Amino acid sequence: MAPLLEVRNLTVAFDTPSGTVHAVNDVCYTLEEGETLGIVGESGSGKSVHALSMVGLIATPPGRVVSGEVIFNGRDLLRLSQRELFEVRGKEIGFVFQDPMTSLNPVLTIERQIAEPLRRHFGMTKSQARARVIELLELVGIPDAARRARQYPHEFSGGMRQRVMIAIGISCNPKLLIADEATTALDVTVQAQILDLVRDLKRKIGTTVIWITHDMGVVAGLADTVQVMYGGRIMERGPVRSVFHDPRSAYTWGLLKSLPHGGRRGVNRLYQIPGNPPDLTKEPVGDPFAPRNPFATERCRLETPPLVDAADSTPGHQVAAWYDLRAELARMEVQA
Amino acid sequence: MTEPHATPLVSVNRLCKTYGGEGRLFGGRTVALKAVNNVSFDIAAGETLGLVGESGSGKSTTGRVLLQLEAPTSGDILFRNKNITGLSKAMLKPYRRDMQIIFQDPYASLNPRMTVGEFVAEPLDVHGLAGARSERQDRVASLFKKVGLDPSFMKRYPHEFSGGQRQRVNIARAIALNPAFIVADEPITALDVSIQAQIVNLFQDLQDELGLTYLFIAHDLSMIRYLCHRVAVMLRGRIVEIGPCEAIFENPQHPYTKALLSAIPVPDPDIERNRRPIAFDVNANLSPEEASLRAVGDRHFVLGG
C-alpha cells in the first residue's frame with residue numbers, strides 16, 4: 001500500500017535582508033497511515049517550516065519552496081492551487097498550533113470556531129454543525145459540552161483551550177493531524193492530560209499524527225517513529241525505541257546525554273553539546289552538526305552525508321553520518 | 001562542592017502580595033488576587049532553592065517581591081538578618097549590589113542599542129565601581145571569560161548573538177557586582193535544548209567558584225532535581241511543600257507535588273509508555289486559608305492537616 005504522505009527532497013528557503021536562510025534542506029521521508037511521527041529539533045531545525053510549507057502556510061515572499069514533492073494521498077500538494085489547498089487544509093490535514101490563546105478568535109464563540117470548517121467543507125446546517133461540535137467537545141474531554149460550546153475563549157483555561165484547538169483540528173476527521181509544539185505553552189500536568197487525550201483519540205479514530213516538539217520525553221511517550229532534525233536536515237530517524245536506546249547520530253546522542261535523566265546534584269556534570277546552533281544564512285555545506293560534533297571528520301565538513309540505513313539496527317532506523325558513532329563511543333570507553 | 005552554611009542568607013517571613021482589591025470609582029471593590037499568600041522560607045548561603053509550580057502559582061512574583069522589584073502587601077524580607085522591607089530607594093541601593101536577577105527571555109532583557117560590553121559594565125558604572133577606563137575594560141573582559149564568552153565580543157550588539165550567548169551576557173551582568181544572591185527566573189526555558197545543559201553547568205560552576213546563593217525558579221522539574229539542594233512547590237500563591245530535593249522527589253507528600261512529579265515526561269520510551277500521570281483537581285484540593293506547614297521529615301514540610 002502506498003504511504004499516506006511522502007516527502008521527497010523538500011527544500012525551503014527564506015529571502016531576508018541579511019541573506020537567504022536555508023531553512024529546510026533536501027528532506028525526504030514517508031509516513032504510513034495510522035503512524036505517529038514525532039519530529040524533534042530545536043528552533044531553526046526546520047521542523048515547523050517544513051510542515052507549514054507542505055500545505056502552503058509559509059508567507060511567500062519571503063519564503064519559497066525551492067524544490068521537492070509532497071505526495072499526500074496520491075496528489076502532490078506543492079502543485080495544488082490555493083483553492084485546492086483550501087480543500088485539503090482542515091479537511092484532510094488538521095492542524096494544532098502552539099499557542100491556544102492566539103490561535104482562537106477572542107470575539108467568536110467556541111461553537112462558531114469549531115463549526116466553521118464543518119460548514120465550509122461539508123456544508124452542514126447550523127443545527128447539524130452544533131450536534132457535531134458537542135460531540136467533538138465531549139470527545140476531547142470538555143465536560144458540560146452543550147453549555148461550554150456557547151462560551152468564548154477567555155472563559156476557558158489554557159489546557160481547555162488546547163482541547164478546543166484539538167477539537168478543531170480533528171473536526172473534519174482529517175487523515176493527518178499535524179501538531180506543532182501543541183503542549184509547549186502548557187503546564188506539565190496539563191500537558192500530561194493532553195498527551196493522554198491524543199493517545200486516546202488515536203485508539204478511537206486512528207488518526208495519523210505528526211507531532212512536532214523539542215521535548216524528547218514527549219516523543220518517547222507518543223511516537224512510533226522519531227525523526228531528529230538539525231539545521232534543516234534529518235539527522236536520524238527510526239522506530240522510537242531503536243533511536244532512543246541506540247542512537248547513531250552524534251546530535252541525537254548529545255541531546256539525550258545532556259538531559260538530567262533523574263540525576264542528582266553534584267553526582268556528575270551534564271554533558272553539554274559544545275558551540276551554538278548553526279547560522280542558516282550560510283550555504284549549507286557538509287553535515288550541519290559537524291562544527292559541534294567531537295567525532296566529526298574532514299569529510300563531515302565538506303560533504304553532506306546521505307540518510308541511509310543504520311548498520312546492524314532495527315529496520316527503518318536511518319542516520320545521516322559519515323562517522324561511526326558506535327565505534328567512536330567504544331573508543332571513548334576504552335580511553336576512559 | 002561545599003555544603004551550604006546553616007545560617008540563612010535570605011529569609012522570607014509571611015510574605016503576601018495582593019493585586020487588585022482597590023475601591024472602584026462608583027463603589028464596590030475590584031477582585032483581589034492573592035498572587036503570593038503567606039509564603040515563608042529561608043535560603044542558606046551557598047544554597048540553591050528551587051521554586052516550582054504551574055503558571056500563575058506566584059513563583060515569579062515571589063522572586064520579584066523578594067528583590068523588592070515590587071513592594072510586598074505584607075510580610076518581611078530579611079537579607080543577612082537585616083529587614084529590607086519598605087526601605088527607600090537610596091537605603092536599598094547597597095543591597096542591590098548583593099542581589100541580582102536573571103530573566104527568562106534573553107532576547108527581551110538585553111538593550112538592542114547597547115554593545116554587550118557596555119551592558120555588562122553598566123552596573124559597575126551605576127554603583128561607581130568602574131574605576132579607570134582600562135580597569136573597567138579588564139573587569140568586563142574577565143566577566144566575559146568567566147561566563148564562557150570571548151572578550152573580543154564586547155564591542156558587538158545583542159542581535160549578533162544566539163540565545164545561549166545572550167543568556168551568558170545576562171549572567172555576566174548579574175555577577176558583575178560580585179553579588180551574594182541571584183534570583184534566576186526560568187533562565188533556561190527559552191533556550192534551545194542543545195544549549196540548556198551549557199547554561200545549567202555554568203550556573204553550577206559559578207556557584208562553586210563564587211559561593212553564590214540561588215533562588216532558581218523553573219517548571220522543568222528534572223533540571224530542578226539536578227541543580228537544587230532544596231525545592232519549594234507553589235500552588236495558587238502558597239507553598240504546599242518544601243524540603244530537600246531527595247525528600248521531595250523520592251517521598252512527595254502533597255497531592256499536587258505527586259501529580260506534578262508524575263507528569264514529567266521521561267526521555268525513555270520504555271518508561272514513558274508505562275507512566276501513569278496522577279490526576280489532580282486544584283479546586284477540590286485547595287487547603288483552607290488557616291492551614292499551615294507541618295513537618296513530615298527532616299527539613300521537609302507540607303501544607304495542611
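None of the values given here were measured: they were computed from a predicted structure. (Residues numbered from 1 in each chain as written. Chains lettered and ligands numbered in written order. Predicted model: local features only at pLDDT ≥ 70, side-chain atom pairs only at ≥ 80, totals over all residues. Heavy atoms only, no water.)

A. A look at the overall build of chain A. Summing up its helical and strand segments, chain A has 13 helices and twelve strands in all. For 336 residues, the compact-globule estimate of 2.2 N^0.38 gives 20 Å, and chain A sits close to it at 21 Å. Principal axes of the C-alpha set define a box for chain A whose edges measure 70 × 50 × 45 Å. Counting every position in chain A, which comprises 336 residues, the buried fraction comes to 54%. For chain A, restricting intrachain contacts to residue pairs at least 6 apart in sequence, the fraction spanning at least 24 positions comes to 65%. (Helix = DSSP H or I, 4+ residues; strand = E, 2+ residues; numbered from the N terminus. Rg over C-alpha atoms; globule rule 2.2 N^0.38 Å. Buried < 20%, exposed > 50% of the residue type's maximum accessible area, 1.4 Å probe, protein only. Contact = heavy atoms within 4.5 Å.)

B. Seen up close, the pattern of salt bridges. In the structure shown here, the tally under the stated rule is 31 salt bridges over all chains. With a shortest N-O distance of 3.7 Å, E181 of chain A and K47 of chain A are connected by a salt bridge. Here K47 of chain A lies in helix 1 (residues 47-54) and E181 of chain A lies in the loop between strand 7 (176-180) and helix 8 (188-205), a separation of 134 residues in the sequence. We note a salt bridge from R136 of chain B to D125 of chain B, for which the minimum N-O separation is 2.8 Å. On the criterion of sequence distance, the pair formed by R136 of chain B in helix 4 (residues 133-146) and D125 of chain B in helix 3 (residues 116-126) is long-range, its members being eleven residues apart. Assessed through its relative accessible area of 14%, R136 of chain B is described here as buried. Residue class for D125 of chain B comes out partly exposed when judged on its relative accessible area of 36%. Each of E6, R8 and E69 of chain A takes part in salt bridges that share partners, so that together they form one network. (Salt bridge = Lys/Arg side-chain N within 4 Å of Asp/Glu carboxyl O.)

C. How the structure looks around the interface of chain A and chain B. If you look at the interface, chain A gives 45 residues, while chain B gives 40 residues. When chain A packs against chain B, the two sides together hide about 3,600 Å² of surface, and 53% of this comes from carbon and sulfur. The residue D205 of chain B makes a salt bridge to R269 of chain A at a minimum N-O spacing of 2.6 Å. Inspection of the region where chain A meets chain B yields 15 residue pairs in polar contact (both at pLDDT 80 or more). At the level of secondary structure, the elements contributing two or more residues to the side of chain A that touches chain B comprise helix 8, helix 9 (216-222), helix 10 (240-245) and helix 11 (250-257) of chain A. Tallying contributions element by element places helix 9 of chain A first for the side of chain A that touches chain B, with seven residues. When grouped by side-chain class, the residues that make up the side of chain A that touches chain B number 20 nonpolar, 16 polar and nine charged. (Buried area = accessible area lost by both parts, 1.4 Å probe. Polar contact = N/O pair within 3.5 Å; in protein donor to acceptor, adjacent residues only side chain to side chain. Nonpolar A, V, L, I, M, F, W, Y, C, P; charged D, E, K, R; others polar.)

D. Molecular detail of the sheet that holds strand 12 (residues 300-303) of chain B. Residues and elements named next belong to chain B. Here eight strands make up an open sheet; going across it, the order is 6-7-8-3-9-10-12-11 and the pairing mixed. With one partner strand each, in any of the chains shown, strand 6 (99-102) and strand 11 (293-297) form the two edges of the open sheet. Direction aside, the axes of adjacent strands within the sheet are offset by 20° on average. Note that strand 6 and strand 7 (residues 181-185) share four bridges and pair parallel. Each residue of the ladder has a partner; that of I102, found in strand 7, is A184. Sheet strands in contact with helix 1 (residues 59-66) are strand 3 (48-52), strand 6, strand 7, strand 8 (213-217) and strand 9 (230-235), and its direction is about 150° off that of strand 8. Strands strand 3, strand 9 and strand 10 (238-244) of the sheet are contacted by helix 9 (residues 255-262), whose axis makes an angle of about 105° with strand 9. (Pairing = 2+ DSSP bridges. Axes fitted to C-alpha atoms, helices over the stretch in contact; angles between N-to-C directions.)

E. Highlighting the nonpolar core. Residues and elements named next belong to chain B. Residues F144, I171, F203, F216, L221, I224 and F249 are the most contacted members of the largest nonpolar core, which totals 66 residues. It is helix 6 (residues 193-210) that provides the largest number of residues to this core, a total of seven residues. Setting aside anything within four residues of it in sequence, one finds I224 in contact with G50, L51, V52, F216, A218, V231, C245 and F249. (Core = buried A, V, L, I, M, F, W, Y, C linked by side-chain atoms within 4.5 Å.)

F. How the structure looks around the environment of M99 of chain B. Residues and elements named next belong to chain B. Relative to the helices and strands, M99 is located in strand 6. Spatially, the C-alpha atoms of M99 and Q68 are 9.9 Å apart, while their sequence positions differ by 31 residues. Those residues in contact with M99 that lie beyond four places of it in its chain are L66, L67, F79, I84, P179 and F181.

G. Representation of the packing of aromatic side chains in the model. Enumeration according to the criterion identifies eleven aromatic pairs over all chains in this entry. Pairing Y230 of chain A with F289 of chain A gives two aromatic rings, centres 5.2 Å apart and planes at 85°, and the pair type is edge-to-face. Separated by 59 residues along the polypeptide, Y230 of chain A in strand 9 (residues 225-230) and F289 of chain A in the loop between helix 11 and helix 12 (298-302) bring together distant segments of the chain. As far as burial versus exposure is concerned, Y230 of chain A and F289 of chain A are alike and both buried. The interplanar angle of 90° and the centroid separation of 6.2 Å between the aromatic rings of F79 of chain B and Y95 of chain B together place this pair among those described as edge-to-face. In this pair, F79 of chain B is assigned in strand 4 (residues 74-79) and Y95 of chain B in helix 2 (residues 89-98), connecting sequence segments 16 residues apart. With relative accessibility at 1%, the residue F79 of chain B sits in the buried group. Under the relative-accessibility criterion, Y95 of chain B is labelled buried at 18%. Cluster of aromatic residues (ring-pair linked, three or more members): Y230, Y251 and F289 of chain A. Its guanidinium or amino end placed over the ring of F119 of chain B, R173 of chain B lies 4.3 Å from that ring's centre, counting from NZ or CZ. (Phe/Tyr/Trp six-rings, centres within 6.5 Å; stacked < 30°, edge-to-face > 60°. Lys NZ or Arg CZ within 6 Å of the ring centre and 35° of its normal.)

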